[in-house]
Amino acid sequence: MQVLIIDDDEVDFRSTRRMLTETFGAEVTLDWISDWNDATKAFAQSSYDVYLIDYFLGGRTGLELIETCDPSDKPSVFIFLTGHDDRKVDVAATNAGAAGYLVKSDITASTLERTIRYALFMARKKEELRQEMIAVKAAKDIVERQSEMHAKMANDLSATQAKLQTALDSAEESEAKYRNLAQHDLLTELPNRVLFMSQLERMIDNSHRSGKNMALLLLDLDRFKSINDSLGHPVGDRLLMQVARRLTNCIRKTDTVARLGGDEFAVIVTNLQSHEDTAIVAQHIIESLTESFEIEGHEINTSASIGIAVLNEDSNTVDALLKNADAALYKAKGAGRGIYHFFDAALNNQVRTITLLKRELSEALEHHQFFLEYQPQIETATNKVTGVEALVRWQHPTRGRVPPCDFIPTAESTGQIAAMSEWILKEACSQSVVWEAMFGRSIPVAVNLSAIQFKRGRLVETIATILSGTGLPPASLTLEITETVMIHDVDEVEMQLRDLVALGVKIAIDDFGTGYSSLAHLRQLPIDQIKVDRSFVSDMLSNHRDAAVVEAVIALGRNLGVTVVAEGVETIEQMDYLRKMPSIDAQGFFIARPMQPDQCQNWLSKNLRPELEMPAAIPLAHTTGKLRLTP
Ligand code: C2E
Ligand code: MG
Ligand code: MG
């Protein structure tokens, strides 16, 4: 250990040296400086382990000495020795970095030794910490440098990644374009035959799986060749492009249209509810293509022939569907232009009839071809008129009068029944209001409803609107429903019936005994009347079973507190038989046939005479000859 003693007093120096050699022995080598200038030089060199500095050096102080050197060159261990114990100096010395401040008079060898050793220990520790700090800082610098490097690397990588992504995108785009080219028709951009075949196969599979109907339509433009020849290929090409656009507009997103080549297109329609749906699509396509095209100043008129094959046992593969649709197309072309043809002959007829009927029904409503006839109902015991049933008729412009059984089922299946029924209800209610005013008593009217009306639409609201619109008291309207309504959701039907009853209208079960009879439902539903079907009435005199049914229904009606009407009473014998029953109303040709309003009015005016409304079998006045009641 090398120690420098800076002291201007030799006696003090000797004393200090003695104490040091006493305690440190050979461990220590000593130098002594007494002059201020030498001291500043030695101090600046900082080559000693320990500096023992006399605080008062001539006129100067140890603190001044320390200030002469650069702070970074300051010795690590310096201890002030002083003649005076001065607290202020002590604090200043410590602040300046002194490891100790010893009062000379108090110094002993051991305090000096302890102070030096402790100062050295602390210096070492400090040095170690400093080294650690340096190491940490170096590590930190390295990390920071690496982070910078990593950030740069990350940036570079991002840039590279972006470049690669762009390259990949354009590669994929080219691939997609290439694939698109391979699977699409260049001119119309529709799927070509290759893609169409795979789509057809997929759609057949889907249909088999879902159980939903699908159909293939093959389509050929009428007169395309002559257009091409006369106006040139560029015009022909433009026409094909426009045809493709119109075809695409005719189909749903889930369906497919493809160009198979030349003027031949194919359409795959899926998820069909009925075959009529296919016919509707085909008709729509034909109508759309029949509208003229405007190309390069030419007005071009064309149309299409369509062959249709529906997925079924005869056509359940790609090949069979194509072959059969093609055969149907051939027939369509042979039968004239601008028409569609189903491969299946029976289907073709059926669809054609229904489609035609559907169109005619729409026209019938528009052109007021429907009208109502009214058939009276009476109380058998008194001949009192209880009301009339409204029955719809269709005066077809070419076929003449069409019975309801020939068009109601189609109107039901197409949903047209709702609009029809609305008209019927309005008409019947208005008529009843007119008669009530005319005869000074209510002429209740019964209107038939279809079961389907309970499923679709807003039956209750419609009827409420009609009642308030016509001013008919709700109690004067009976709605006839058949047992088939119960096939549908009975709870739903019941809810609507209750709403109707709440309006004040009456409910009758029509054709009772022919349909899905459930006594439980009969009890559950709010019914006012049961109409025994004609078939029981017509045979009740010859067939005791039918008679038993009629009697049982009468008993049932009585127990349920509802009126019973026998339908289809045609003879006096039947009438007499019914009159013997406890209480039953009747309707049938024997009383009156369904009549046009003026005829019925006539009938009513003759049969509503108050004297007739008493308990006796008084003859009814017939307006139509033949059926005459004998007293
Ligand atoms: P329905 O409601 O049972 O109507 C009674 C049918 O029996 C009527 O046939 C009527 O002409 C016929 N009829 C009445 N008395 C006799 C008779 O003594 N002998 C025979 N053989 N027949 C008689 P129509 O008018 O052909 O109606 C048939 C069915 O069509 C009706 O049966 C009803 O279910 C339905 N229908 C009629 N009009 C409408 C309507 O406006 N809406 C709805 N949804 N269905 C209606
Ligand atoms: Mg009826
Ligand atoms: Mg009936």
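Structure shown above.
Residues numbered from 1 in each chain as written. Chains lettered and ligands numbered in written order. Predicted model: local features only at pLDDT ≥ 70, side-chain atom pairs only at ≥ 80, totals over all residues. Heavy atoms only, no water.

Participant: I keep staring at the overall build of the protein chain and nothing clicks. Help me out?
Facilitator: Helices and strands together make up the secondary structure of the protein chain, namely 20 helices and 23 strands. Taken along the three principal axes of its C-alpha coordinates, the protein chain extends 170 × 75 × 45 Å. A burial count over the protein chain gives 44% of its 631 residues as buried. Just so you have it, the protein chain exposes about 32,400 Å², and 53% of that area is on carbon and sulfur atoms. When the 64 basic and 89 acidic side-chain charges of the protein chain are each reduced to a single mean position, those positions are 4 Å apart. (Helix = DSSP H or I, 4+ residues; strand = E, 2+ residues; numbered from the N terminus. Buried < 20%, exposed > 50% of the residue type's maximum accessible area, 1.4 Å probe, protein only. Areas by Shrake-Rupley, 256 points an atom, 1.4 Å probe, with all protein chains shown as cover. Lys, Arg positive; Asp, Glu negative; His and termini not counted. Charge placed at Lys NZ, Arg CZ, Asp CG, Glu CD.)

Participant: Honestly, the sheet that holds strand β2 (residues 29–33) in this entry has me stumped. Any pointers?
Facilitator: Two pairing modes exist for strands in a sheet, parallel and antiparallel, and in both the strands are linked by backbone hydrogen bonds. Within the open sheet, the five strands sit side by side as β2-β1-β3-β6-β7. Their pairing is parallel. Each end of this open sheet is capped by a strand with a single partner; those strands are β2 and β7 (100–103). Averaged over all pairs of adjacent strands, the angle between strand axes in this sheet comes to 20 degrees, irrespective of strand direction. Pairing of strand β3 (residues 50–54) with strand β6 (residues 78–82) involves four bridges; the strand directions are parallel. The partner of D54 across the bridge, within β6, is L81. (Pairing = 2+ DSSP bridges. Axes fitted to C-alpha atoms, helices over the stretch in contact; angles between N-to-C directions.)

Participant: Where do I start with the coordination of the magnesium ion (ligand 3) in this structure?
Facilitator: Each angle at a metal carrying four tetrahedral donors should ideally be 109.5 degrees, and each at a metal carrying six octahedral donors should ideally be 90 or 180 degrees. Those protein atoms acting as donors to the magnesium ion (ligand 3) are D510 (OD), D511 (OD), E567 (OE) and E567 (OE), and they sit at 2.0 to 2.6 Å. Mapped onto the sequence, the residues coordinating the magnesium ion (ligand 3) show the spacing D-D-x55-E. Between the magnesium ion (ligand 3) and the magnesium ion (ligand 2) the interatomic distance comes to 4.0 Å, and D510 is a ligand of both metals. Placement of D511 in strand β20 (residues 506–512) and of E567 in the loop between β22 (563–566) and α19 (572–579) is noted, with a sequence separation of 56 residues between them. Here E567 falls in the buried class, since its relative accessible area comes to 10%. (Donors = N, O, S within 2.8 Å, 3.2 Å for Na, K, Ca; no water.)

Participant: Looking at this model, I keep getting lost on the coordination of the magnesium ion (ligand 2). Mind explaining?
Facilitator: On the protein side, the magnesium ion (ligand 2) has E389 (OE), N448 (OD1), E480 (OE) and D510 (OD) as donor atoms, found 1.9 to 2.2 Å from it. Binding-site remark: the magnesium ion (ligand 2) is held by donors from one chain whose sequence spacing is E-x58-N-x31-E-x29-D.

Participant: Help me out: how do you make sense of the pattern of salt bridges in this one?
Facilitator: For side chains bearing opposite charge, pairing can occur when the charged atoms are close. If you walk through the whole model with that rule in mind, you get 27 salt bridges. Notably, a salt bridge pairs R117 with E27, separated by 3.4 Å at the nearest N-O pair. Of this pair, R117 sits in helix α5 (residues 109–183) while E27 is found in the loop between α1 (10–24) and β2, placing the two residues 90 residues apart along the sequence. According to the relative accessible area criterion, R117 is partly exposed, its value standing at 36%. What makes E27 partly exposed here is its relative accessible area of 40%. Between E144 and K140 there is a salt bridge whose closest N-O contact spans 4.0 Å. Taken together, the positions of E144 and K140, both in helix α5 and four residues apart, correspond to about one turn of that helix. The exposure class of E144 is partly exposed, given its relative accessible area of 40%. Here K140 falls in the partly exposed class, since its relative accessible area comes to 47%. When salt bridges with common partners are traced through the structure, they connect D7, D12, D54 and K104 into a single cluster. (Salt bridge = Lys/Arg side-chain N within 4 Å of Asp/Glu carboxyl O.)

Participant: It is not clear to me how helix α11 (residues 345–366) should be interpreted in this structure. Could you clarify?
Facilitator: Spacing of three or four residues puts side chains on the same side of an α-helix, whose turn is 3.6 residues. Taking 1.5 Å of rise per residue, 22 residues should cover 32 Å, and α11 covers 32 Å from first to last C-alpha, within 8% of that figure. Among the residues making up α11, those that are buried are L347, N348, V351, T355, L357, E360, L361 and A364. Looking at the buried residues of α11, the elements they touch are α9 (275–290), β13 (304–310), β14 (340–342), β15 (370–379), β16 (385–396) and α12 (408–414). The N-capping residue of α11, defined by a side-chain oxygen 3.1 Å from the backbone nitrogen of A346, is D344. Residue H368 follows α11 closely and has a positive phi angle near 55 degrees. (Expected span 1.5 Å × (residues − 1). Contact = heavy atoms within 4.5 Å. Polar contact = N/O pair within 3.5 Å; in protein donor to acceptor, adjacent residues only side chain to side chain.)

Participant: Would you mind showing me how to read the nonpolar core here?
Facilitator: Looking at soluble globular proteins, one finds that nonpolar side chains tend to be buried together. Ranked by size, the top nonpolar core spans 77 residues in total, and within it Y374, F407, F454, I463, L477, L479 and L500 carry the most contacts. For this core, the element with the highest residue contribution is helix α13 (residues 417–439), accounting for seven residues. For I463, the contacting residues outside a window of four places in its chain are L425, L449, L477, L479, L500, L503 and V505. (Core = buried A, V, L, I, M, F, W, Y, C linked by side-chain atoms within 4.5 Å.)

Participant: Sorry, what's going on with a nonpolar patch on the surface here?
Facilitator: A surface patch of nonpolar side chains, about 300 Å² in accessible area, is lined by Y118, F121 and M122. Structurally, the position occupied by F121 is in helix α5. Note on F121: relative accessible area 38%, which makes it partly exposed. (Patch = residues over 30% accessible without salt bridge, like charges linked within 9 Å, V, L, I, M, F, W, Y side chains within 5 Å.)

Participant: Explanation requested: the packing of aromatic side chains in the structure shown.
Facilitator: We describe a pair of aromatic rings using the distance from one ring centre to the other and the angle between the two ring planes. Under the counting rule described, the total for this entry stands at eleven aromatic pairs. Relative to W394, the ring of F370 has its centre 5.8 Å away and its plane inclined at 50 degrees; by these criteria the two rings are tilted. Of this pair, F370 sits in strand β15 while W394 sits in strand β16, and the two are 24 residues apart along the sequence. On the basis of relative accessible area, F370 is assigned to the buried category, the value being 5%. Note on W394: relative accessible area 0%, which makes it buried. Ring geometry for W394 and F407: centres 5.4 Å apart, planes at 80 degrees, overall edge-to-face. One end of the pair, W394, is in strand β16; the other, F407, is in the loop between β17 (400–402) and α12, with 13 residues separating them in the sequence. F407 matches W394 in its accessibility class, with the two residues each being buried. An aromatic cluster of three or more residues is present, and its members are Y55, F56, F78, F80 and Y101. Positioned above the aromatic ring of F293 is the side chain of R246, whose terminal nitrogen or guanidinium carbon lies 3.6 Å from the ring centre. (Phe/Tyr/Trp six-rings, centres within 6.5 Å; stacked < 30°, edge-to-face > 60°. Lys NZ or Arg CZ within 6 Å of the ring centre and 35° of its normal.)

Participant: How do you make sense of the site of ligand 1 when you look at a structure like this?
Facilitator: With respect to spatial proximity, 22 residues lie near ligand 1, and among them R393, N448, D510, E570 and F589 are the closest. The side chain of D510 places a nitrogen or oxygen atom 2.7 Å from an oxygen atom of ligand 1. In the complex, the protein chains occlude 82% of the 790 Å² of accessible area that ligand 1 would expose alone. Secondary-structure elements contributing two or more residues to the shell around ligand 1 are β16 and β20. The class makeup of the residues in the shell around ligand 1 is nine nonpolar, five polar and eight charged. (Near = heavy atom within 4 Å. Nonpolar A, V, L, I, M, F, W, Y, C, P; charged D, E, K, R; others polar.)

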